[in-house]
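This is what each chain is made of:
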Amino acid sequence: MRWYDRLIAAHRDVTDRVSHAVRLKSDRYFVWQEDGRNDLAAENAHAEGAVTGSTDLFTKKEFDPWVEALGEALSSHGIAWDVSSQYEPETGFWHYTWDWEVADGYD
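Residues numbered from 1 in each chain as written. Predicted model: local features only at pLDDT ≥ 70, side-chain atom pairs only at ≥ 80, totals over all residues. Heavy atoms only, no water.

Asker: I would appreciate a short explanation of helix 2 (residues 65-76) in the present structure.
Answerer: Since the α-helix packs 3.6 residues into each turn, any two residues three or four apart lie on the same face. Between its terminal C-alpha atoms helix 2 stretches 17 Å, which fits the 16 Å expected from twelve residues at 1.5 Å a residue. For helix 2, the N-terminal cap is Asp-64; the gap from its side-chain oxygen to the backbone nitrogen of Trp-66 is 2.8 Å. Of the residues trailing helix 2, Gly-78 is marked for its positive phi of about 75°. (Helix = DSSP H or I, 4+ residues; strand = E, 2+ residues; numbered from the N terminus. Expected span 1.5 Å × (residues − 1). Polar contact = N/O pair within 3.5 Å; in protein donor to acceptor, adjacent residues only side chain to side chain.)

In structure tokens, the structure reads:
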């Protein structure tokens, strides 16, 4: 399974309200995007690689159960992650951001 298939599957374990780099018009949704790579070189070659990126949850629910659900889904698909949050008073959204890293090379 390719890295992005694993990432999409983790999001869809929680909901179909997810997009790749496009903000949706909804009161509750995920947006994800990749932002780089971590490559491990050994003996002048690429030995292992990973793709890094982030997922953002925009929600009007203060204690949204999708927060815990996405963390569990990412972990169950072998994706390393860290989450942070903030409230955006100008929009009324709670904004959670997961920074993740997923191994590449599972094709």
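Having seen it, we continue.
Asker: Help me out: how do you make sense of the pattern of salt bridges in this one?
Answerer: A side chain with one charge may pair with a side chain of the opposite charge, provided their charged atoms come close. Taken as a whole, this structure holds four salt bridges when the rule is applied. The salt bridge partner of Asp-5 is Arg-2, with a shortest N-O separation of 3.1 Å. Given the relative accessible area of 26%, Asp-5 is considered partly exposed. Arg-12 serves as the salt-bridge partner of Asp-16, at 3.7 Å between the closest nitrogen and oxygen. Arg-12 shares its class with Asp-16; the two are exposed. (Salt bridge = Lys/Arg side-chain N within 4 Å of Asp/Glu carboxyl O. Buried < 20%, exposed > 50% of the residue type's maximum accessible area, 1.4 Å probe, protein only.)

Asker: Can you walk me through the nonpolar core in this structure?
Answerer: Nonpolar side chains in soluble globular proteins generally cluster together in the buried interior. Ranked by internal contacts, the top residues of the largest apolar core, which has 19 residues, are Phe-30, Trp-98 and Trp-100. When contributions to this core are tallied by element, the ones reaching two or more residues are helix 1 (3-12), strand 2 (28-42), strand 3 (45-59), helix 2 and strand 5 (93-104). Broken down by element, the residue count for this core peaks at five residues, all from helix 2. (Core = buried A, V, L, I, M, F, W, Y, C linked by side-chain atoms within 4.5 Å.)

Asker: How should I be thinking about a negative patch on the surface in this particular structure?
Answerer: On the surface, Glu-34, Asp-35, Asp-82 and Asp-99 cluster together into a negatively charged patch. Mapped onto the elements of the fold, Asp-82 is located in strand 4 (residues 80-88). (Patch = residues over 30% accessible without salt bridge, like charges linked within 9 Å, V, L, I, M, F, W, Y side chains within 5 Å. Areas by Shrake-Rupley, 256 points an atom, 1.4 Å probe, with all protein chains shown as cover. Lys, Arg positive; Asp, Glu negative; His and termini not counted. Charge placed at Lys NZ, Arg CZ, Asp CG, Glu CD.)

Asker: What is the right way to look at the side chain of Glu-88 in this model?
Answerer: Relative to the elements of secondary structure, Glu-88 occurs in strand 4. With relative accessibility at 12%, the residue Glu-88 sits in the buried group.

Asker: What exactly am I supposed to notice about the packing of aromatic side chains here?
Answerer: Two numbers describe a pair of aromatic rings. These are the distance of the centres and the angle of the planes. One pass over the full model with this rule turns up eleven aromatic pairs. Between Trp-3 and Trp-100, the ring centres sit 6.4 Å apart and the planes meet at 35°, which makes this aromatic pair tilted. Here Trp-100 lies in strand 5 and Trp-3 lies in helix 1, a separation of 97 residues in the sequence. With respect to burial, Trp-3 and Trp-100 carry one shared label: buried. For the pair Trp-32 and Trp-100, a centre-to-centre distance of 6.4 Å together with 55° between the ring planes defines the contact as tilted. Of this pair, Trp-32 sits in strand 2 while Trp-100 sits in strand 5, placing them 68 residues apart in sequence. Through a chain of ring-to-ring contacts, three or more aromatic side chains come together here, namely Trp-3, Tyr-4, Trp-32 and Trp-100. (Phe/Tyr/Trp six-rings, centres within 6.5 Å; stacked < 30°, edge-to-face > 60°.)

Asker: Would you mind showing me how to read helix 1 here?
Answerer: Restricting attention to buried positions, one finds in helix 1 the residues Trp-3, Arg-6, Leu-7, Ala-10 and His-11. Burial along helix 1 is one-sided: seen end-on, the buried residues are contained in an arc of 135°. (Arc of directions from axis to C-beta.)

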